[in-house]
Amino acid sequence: MGEPSPWPWDLPLVNLYGDIVLTYMYYDVPFVPTPEVVVRRMLQLARVRPGEVLYDLGSGDGRIVIMAAKEFGAYAYGIEIRKDLYEQSTAKIRDLGLEGRARIINTNFFDADISDADVVTMYLLTSVNERLKPKLEKELRPGTRVVSHDFEVSGWRPVVVEEVYEEWRSHKIYLYKIPGKEVPIPSGKTAPLEDPFTRQVMALVDGNNSIEDIAVKLNTTPREIRNALRKLIDAGLVEGIKTIR
Ligand SMILES: C[S@@+](CC[C@H](N)C(=O)[O-])C[C@H]1O[C@@H](n2cnc3c(N)ncnc32)[C@H](O)[C@@H]1O
């Protein structure tokens, strides 16, 4: 009697294809990492600035989240459905001492609240981007930058399309901006303001300048302007923020 014949699922090829089939059955996209050089260029094109909030949808081994936090000073969140990748990337973040700036959330990105994002990164598939589009359009604030590696968001007009050559193939990066603007409306009341930055912001609130315009004029991020506006709303000097989509 020879060796018992192996169960078909013990054969390497069956396992390999089984993994691929399982990936597509349970997850929307398999894990394929973005090369570091492409990650850096995605973050540069999105002009990620310190203190901004970034979400990587389907964060894999956490490389985008880690670079955004470590090199760009962002508060970076990864959404990853696979438990093994979630655990692996969380351990890496801990080893690098980045827990204060980087975090992986083990969930389905269709269920995650990403409304606080300044930047969203994705390396998915055109078909998945298509399914994500209504969520992105509904949840993200005007001006939010969306960067997609290799796969377009059909129907959106990119601000930039760039090709990056890396070792054996070229990669496309699509940068989009959620259209529309947010305009703070002055209440017409006046009061002395101690903090110089808040005073500068208030001086630019005229019912025409958008949050993004004010951020450009003061060479800072829309997030910083929003923080100052919160104080101005509390002080009764700004009535509210009008969103124009
Ligand atoms: C192509 S990889 C990209 C990984 C990483 N963003 C990068 O660029 O290196 C896609 C990742 O999305 C994850 N994924 C697929 N469907 C998902 C879903 N519905 N929710 C969260 N993560 C998902 C996969 O497990 C995989 O790690």
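Since the model is a prediction, treat every value here as computed from it, not as a measurement.

Undergrad: I keep staring at the overall build of the chain and nothing clicks. Help me out?
TA: Along its length, the chain carries eight helices and nine strands. Considering only contacts within the chain whose residues lie at least 6 apart along the sequence, 67% involve residues at least 24 apart. Summed over its atoms, the accessible surface of the chain is roughly 13,600 Å², and 53% of this surface lies on carbon and sulfur atoms.

Undergrad: What is the right way to look at the sheet that holds strand β6 (residues 160–166) in this model?
TA: Think of a sheet as strands paired side by side through backbone hydrogen bonds, with each pair either parallel or antiparallel. Taken together, seven strands build an open sheet; the order of strands is β3-β2-β1-β4-β5-β7-β6 and the sheet is mixed. Each end of this open sheet is capped by a strand with a single partner; those strands are β3 (102–105) and β6. Across the sheet, the mean angle from the axis of one strand to that of its neighbour is 20°, orientation sign disregarded. Across four bridges, the pairing between strand β1 (residues 53–57) and strand β4 (residues 119–122) is parallel. Counted as the bridge partner of L57 is M122 from β4. With respect to the sheet, helix α3 (residues 63–72) is in contact with β1, β2 (75–79), β3 and β4, its orientation differing from that of β2 by roughly 175°. Against the sheet, helix α5 (residues 126–139) touches β1, β4 and β5 (145–149), its axis set at about 170° to β4.

Undergrad: Can you walk me through the site of the ligand in this structure?
TA: Neighbouring residues of the ligand: 22 residues in total, closest D28, T34, D56, G58 and E80. Take T34: an N or O atom from its side chain is 2.5 Å from an oxygen atom of the ligand. Side-chain polar atom of E80 to an oxygen atom of the ligand: 2.7 Å apart, as the coordinates give it. In terms of residue class, the shell around the ligand is built from 11 nonpolar, six polar and five charged.

Undergrad: Is there a simple way to think about the confidence of the model for the chain in this case?
TA: Parts of the model with low pLDDT should not have their predicted coordinates read in detail. Averaged over all residues, the pLDDT of the chain is 92; the fraction at 70 or higher stands at 89%. Confidence drops under pLDDT 50 across residues 12–16; counting only partners more than four residues distant or on other chains, this segment forms four contacts.

Undergrad: When you look at the pattern of salt bridges in this model, what are you seeing that I'm missing?
TA: It is possible for side chains of opposite charge to pair when their charged atoms get near one another. A complete count under the given rule lists 14 salt bridges for this structure. In this structure, the salt-bridge partner of E52 is R145, at a minimum N-O distance of 2.7 Å. Of this pair, E52 sits in the loop between α2 (36–45) and β1 while R145 sits in strand β5, placing them 93 residues apart in sequence. Overall, E52 belongs to the buried group, its relative accessible area being 2%. Here K83 ties to E87 by a salt bridge, and the two come within 3.4 Å at their closest N and O atoms. You can see K83 and its partner E87 sitting in helix α4 (residues 83–95), four residues apart, about one turn around the helix. Connected via shared salt-bridge partners are D116, D118, R141 and R223.

Undergrad: Just checking my understanding: could you explain the packing of helix α6 (residues 196–204) against helix α8 (residues 222–234) for this structure?
TA: If you want to describe how two helices pack, look at the angle between their axes and the distance between the axes. As a packed pair, α6 and α8 sit with axes 10 Å apart at the nearest point and diverge in direction by 90°. When the interaxial angle is binned, α6 and α8 end up roughly perpendicular. Contacts between α6 and α8 involve F197, T198, V201 and M202 from the first element and E224, I225, A228, L229, K231 and L232 from the second. Residue classes in the contact of α6 with α8 are distributed as seven nonpolar, one polar and two charged.

Thresholds applied
- Residues numbered from 1 in each chain as written.
- Predicted model: local features only at pLDDT ≥ 70, side-chain atom pairs only at ≥ 80, totals over all residues.
- Heavy atoms only, no water.
- Helix = DSSP H or I, 4+ residues; strand = E, 2+ residues; numbered from the N terminus.
- Contact = heavy atoms within 4.5 Å.
- Areas by Shrake-Rupley, 256 points an atom, 1.4 Å probe, with all protein chains shown as cover.
- Pairing = 2+ DSSP bridges.
- Axes fitted to C-alpha atoms, helices over the stretch in contact; angles between N-to-C directions.
- Near = heavy atom within 4 Å.
- Polar contact = N/O pair within 3.5 Å; in protein donor to acceptor, adjacent residues only side chain to side chain.
- Nonpolar A, V, L, I, M, F, W, Y, C, P; charged D, E, K, R; others polar.
- pLDDT = per-residue confidence, 0-100.
- Salt bridge = Lys/Arg side-chain N within 4 Å of Asp/Glu carboxyl O.
- Buried < 20%, exposed > 50% of the residue type's maximum accessible area, 1.4 Å probe, protein only.
- Parallel < 35°, antiparallel > 145°, perpendicular 65-115°, else oblique.

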